[in-house]
Amino acid sequence: HAAEAQRTDLMTITRHVLNEQSRYPESRGDFTILLSHIVLGCKFVASAVSKAGLAKLIGLAGETNVQGEEQKKLDVLSNEVFVKALVSSGRTCVLVSEENEEAIFVDPALRGKYCVCFDPLDGSSNIDCGVSIGTIFGIYMIKDKDNVTLDDVLQPGTNMLAAGYCMYGSSCTLVLSTGNGVNGFTLDPSLGEFILTHPNIKIPKKGKIYSVNEGNAKNWDAPTAKYVEKCKFPQDGSSPKSLRYIGSMVADVHRTLLYGGIFLYPADQKSPNGKLRVLYEVFPMSFLMEQAGGQAFTGKQRALELAPTKLHERSPVFLGSHDDVEEIKALYASESSTV
Ligand code: P6P
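In this text, all values refer to a predicted model and were calculated from it rather than measured experimentally.

**So, the pairing of strand 6 (residues 172-177)**
Successive side chains on a regular strand alternate, one facing one side of the sheet and the next facing the other.
Part 1 of the argument: Most of strand 6 is tucked away, with 6 of its 6 residues classed as buried.
Part 2 of the argument: Neither face of strand 6 is exposed, since Cys-172, Leu-174 and Leu-176 on one face and Thr-173, Val-175 and Ser-177 on the opposite face are all buried.
Part 3 of the argument: For strand 5 (residues 162-168) and strand 6, the ladder comprises 6 bridges, and the chain directions are antiparallel. Paired with Cys-166 across the strands is Leu-174, a residue of strand 6.

Shown next as structure tokens:
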């Protein structure tokens, strides 16, 4: 009976967030409404991505469709869907998207109290070869609803209320934290619902995998080079770590979260601030890692304590299992103490 009860007691993402929201009696469900619009965007993208290959075959995506209209590229299409879903939720005020140079200030008539920073389709260059890609988002509360400025989104990651990603891969998985641990939900296409499949995710304290683009090794600084060398040629008699690098942040971070290990996108001589963007890649993934018991470090400080000054600012990031990140922190600390 327990199994039967389990099967019919569907813990959808909406129900899960409503349960969590009951911890805040004063809340009026605004966050739940905001989240339901983010979930709608993810469902749309999941459907579009699953057809991307087919669309290519029948000349829909990227070419002209039957009406002769120029079919939008998936990342542009995804961005439009998320922007419209977030604005129409009536719960947002400022939006920052990887696809938009400027911040989007929602019409005052439709304004709510949240700011959302998002990458609608991160890793989209991997679509054509079928590699998993994803949507990444982070949510802030606005500071003063009567005086909305860019400062409402140029906040340190420690001010984020919630963060998550949706990975479009062999299955569609949405991983979310509202500051009370991390939970994973899998889209059941037959229901069109995200069902709780990974409750209370905790990243292993130490892992056996390192994830970095070794092609940049020529340009790494000493601590990163030393750390990767230690992964490959451990001096303590332990076995070498395995290298897994997909080149799609959501996929690499999701594997790191579930299996443990460390994901690195370091600074290098070509890109002194690394490649990944603070507001909608580094902060959301760092938030999730800390909520799952891991760490996130920039080479200089705790990643969430960065104070961004530009919307599309980049930062190096080392995130994952607590003990693995601790090792690279020690290498950077010893380098800065000898400088
Ligand atoms: P590289 C994808 O383009 C992306 O923004 C992230 O998803 C990914 O982690 C990174 O860039 C990969 O960058 O330089 O290793 O190809």
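**Focus: the site of the ligand**
Part 1 of the argument: Around the ligand, the neighbouring residues are Asp-122, Gly-123, Asn-213, Tyr-245, Gly-247, Ser-248, Met-249, Phe-263, Tyr-265, Lys-275 and Glu-281.
Part 2 of the argument: Asn-213 has a polar side-chain atom sitting 2.9 Å from an oxygen atom of the ligand.
Part 3 of the argument: Backbone polar atom of Met-249 to an oxygen atom of the ligand: 2.8 Å apart, as the coordinates give it.
Part 4 of the argument: Notes on the ligand: free accessible area 400 Å², of which the protein chains cover 79%.

**What to know about the sheet that holds strand 9 (residues 209-211)**
Part 1 of the argument: Strand order in the open sheet formed by 5 strands is 10-9-11-13-12, with mixed pairing between adjacent strands. Only two strands of the sheet have a single partner each, and these edge strands are strand 10 (242-243) and strand 12 (295-297).
Part 2 of the argument: Relative to strand 9, helix 5 (residues 222-232) is tilted by about 145°, and along the sheet it contacts strand 9, strand 11 (262-265) and strand 13 (317-320).
Part 3 of the argument: The strands that helix 8 (residues 322-338) touches are strand 11, strand 12 and strand 13; relative to strand 12, the one it contacts most, it runs at about 25°.

**Quick word on the UniProt feature "domain: Fructose-1-6-bisphosphatase class 1 C-terminal" (unreviewed entry) in the protein**
Part 1 of the argument: In the UniProt entry, the feature "domain: Fructose-1-6-bisphosphatase class 1 C-terminal" (unreviewed entry) is given for residues 203-332.
Part 2 of the argument: The span residues 203-332 shows a helical share of 36% and a strand share of 12%, and its end C-alpha atoms are spaced 23 Å apart.

**Regarding the pattern of salt bridges**
Part 1 of the argument: In the structure shown here, the tally under the stated rule is 14 salt bridges.
Part 2 of the argument: Between Asp-146 and Lys-145 there is a salt bridge, with the nearest N and O atoms lying 3.7 Å from each other. Here Asp-146 and Lys-145 have matching classes, each one exposed.
Part 3 of the argument: Residue Lys-230 is joined to Glu-327 by a salt bridge in which the shortest nitrogen-to-oxygen separation is 3.5 Å. With Lys-230 in helix 5 and Glu-327 in helix 8, this pair connects stretches of sequence that are 97 residues apart.
Part 4 of the argument: Exposure remark for Lys-230: the relative accessible area of 38% places this residue in the partly exposed category.
Part 5 of the argument: Glu-327 sits in the partly exposed class, given a relative accessible area of 25%.

Criteria and thresholds
Residues numbered from 1 in each chain as written. Predicted model: local features only at pLDDT ≥ 70, side-chain atom pairs only at ≥ 80, totals over all residues. Heavy atoms only, no water. Buried < 20%, exposed > 50% of the residue type's maximum accessible area, 1.4 Å probe, protein only. Helix = DSSP H or I, 4+ residues; strand = E, 2+ residues; numbered from the N terminus. Pairing = 2+ DSSP bridges. Near = heavy atom within 4 Å. Polar contact = N/O pair within 3.5 Å; in protein donor to acceptor, adjacent residues only side chain to side chain. Areas by Shrake-Rupley, 256 points an atom, 1.4 Å probe, with all protein chains shown as cover. Contact = heavy atoms within 4.5 Å. Axes fitted to C-alpha atoms, helices over the stretch in contact; angles between N-to-C directions. UniProt positions renumbered as here; feature names shortened; annotations may be inferred. Salt bridge = Lys/Arg side-chain N within 4 Å of Asp/Glu carboxyl O.

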